[in-house]
Amino acid sequence: IVNFSDSRERSFELWDEIAVRETISAGDSHTVGLKSDGTVVATGKTRNFSNISDIDDAIYIDIFASDILVVTKSGKIVSSSNSTEADFASDWSNIKIAYQDSSIIYGVTHKGEVGVAAYEGNYQVEAGAWKDIDELYVESDFIIGRKYDGTFISLSREEFNGGSPNPASKVEDWTDIRIYD
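Trainee: How should I be thinking about the pairing of strand 12 (residues 142-147) in this particular structure?
Mentor: Where a strand is regular, its side chains alternate between the two sheet faces. Counting buried residues in strand 12 gives five out of six residues, a clear majority hidden from the surface. Relative to strand 12, strand 11 (residues 133-138) runs antiparallel, the two sharing five bridges. By the bridge assignment for strand 12, Leu-136 is matched with Gly-145. Linking strand 11 to strand 12, which pair antiparallel, is a turn of three residues. Pairing between strand 12 and strand 13 (residues 152-156): five bridges, direction antiparallel. Bridged to Ile-143 within strand 13 is Leu-155.

Here is the structure:
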């Protein structure tokens, strides 16, 4: 990771190599970009980067608050956090994308399986049974999975607790949704 938080001009210069929307993620007070060579650049109030500072084969990044998740070419998750969830997720393999929300980490494998690092009893753990998932969309009160066949599945905190699903998570009938290439 190259951190140019002290030099605004230099950090803007680095962003020229950031090409697609999936390669930028923003946290509470910093922004991280994934360069085409697999290195990560950061600007703003960055901290806890010692765990990921030497990565040069990153393929995906995600931020929640001040923590950064990196997925490497080998399918491993590396986190800037020292949390129990980050330790658990670091044992996963074959991961293509990863997300975090609060103290929960999600990973999606190349086979479409979902891994969830969370405490038992959290509604999010149920997403760990999902199959054929191409991508996840994670919010604090619900999770949406897009399957390889273009259909969607969702789970909300309210639904898990016996209530009606969160209206924002009702996507099961959606079709032909444009996805960025």
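What follows continues from the structure just given.
Trainee: Is there a simple way to explain the sheet that holds strand 11 in this structure?
Mentor: What holds strands together in a sheet is hydrogen bonding between their backbones, with the strands either parallel or antiparallel. Across the sheet, three strands lie side by side as 11-12-13; this open sheet has antiparallel pairing. Either end of the sheet is taken by a strand with one partner, and the two such strands are strand 11 and strand 13. When strand polarity is set aside, the average angle formed by the axes of neighbouring strands in this sheet is 20°.

Trainee: Would you explain the environment of Gly-112 in this entry?
Mentor: Here Gly-112 lies in the loop between strand 9 (104-109) and strand 10 (114-117). When the C-alpha atoms of Gly-112 and Ile-133 are compared, they prove to be 4.3 Å apart, with 21 residues separating the residues in sequence.

Trainee: Can you walk me through the pattern of salt bridges in this structure?
Mentor: It is possible for side chains bearing opposite charge to pair when their charged atoms get close. Tallying each qualifying case throughout the model produces four salt bridges. The salt bridge involving Asp-134 is made with Lys-96; its shortest N-O contact spans 2.5 Å. With Asp-134 in strand 11 and Lys-96 in strand 8 (residues 95-101), the pair connects residues that are 38 residues apart, well separated along the chain. The salt bridge involving Asp-141 is made with Arg-157; its shortest N-O contact spans 3.0 Å. One end of the pair, Asp-141, is in the loop between strand 11 and strand 12; the other, Arg-157, is in helix 3 (residues 157-160), with 16 residues separating them in the sequence. If you follow the salt bridges from partner to partner, you end up with Lys-96, Asp-134, Glu-135 and Arg-146 in one network.

Trainee: Can you help me understand the environment of Gly-75 in this one?
Mentor: Here Gly-75 lies in the loop between strand 6 (67-72) and strand 7 (77-79). Sequence separation between Gly-75 and Ser-90 is 15 residues, and the spatial gap between their C-alpha atoms is 10.0 Å. With sequence-adjacent residues up to four places away left out, Gly-75 is seen in contact with Trp-92, Ser-93, Asn-94 and Ile-95.

Trainee: Just to check I follow, could you spell out the nonpolar core for this structure?
Mentor: Soluble globular proteins tend to pack their nonpolar side chains together in the buried interior. With 26 residues, the main nonpolar core has Ile-77, Ile-105, Tyr-106, Val-114, Trp-130 and Leu-136 as its most contacted residues. For this core, the secondary-structure elements that each account for two or more residues are strand 6, helix 2 (84-89), strand 8, strand 9, strand 10 and strand 11. Apart from the residues lying within four places of it in its own chain, the contact partners of Trp-130 are Gly-112, Glu-113, Val-114, Leu-136, Ile-143, Ile-144, Gly-145, Ile-153, Ser-154 and Leu-155. The next biggest cluster of nonpolar side chains, apart from the first, holds eleven residues, and it includes Ala-42, Ile-52, Ile-68 and Val-70.

Trainee: Would you mind going over the environment of Gln-124 with me for this structure?
Mentor: Tracing the chain through its elements places Gln-124 in the loop between strand 10 and strand 11. Along the primary structure Gln-124 and Leu-155 are separated by 31 residues, whereas in three dimensions their C-alpha atoms are 7.8 Å apart. Ignoring sequence-local partners within four residues, the contact set of Gln-124 consists of Ile-104, Tyr-106, Val-116, Ser-140 and Ile-143.

Parameters and conventions
- Residues numbered from 1 in each chain as written.
- Predicted model: local features only at pLDDT ≥ 70, side-chain atom pairs only at ≥ 80, totals over all residues.
- Heavy atoms only, no water.
- Buried < 20%, exposed > 50% of the residue type's maximum accessible area, 1.4 Å probe, protein only.
- Helix = DSSP H or I, 4+ residues; strand = E, 2+ residues; numbered from the N terminus.
- Pairing = 2+ DSSP bridges.
- Axes fitted to C-alpha atoms, helices over the stretch in contact; angles between N-to-C directions.
- Salt bridge = Lys/Arg side-chain N within 4 Å of Asp/Glu carboxyl O.
- Contact = heavy atoms within 4.5 Å.
- Core = buried A, V, L, I, M, F, W, Y, C linked by side-chain atoms within 4.5 Å.

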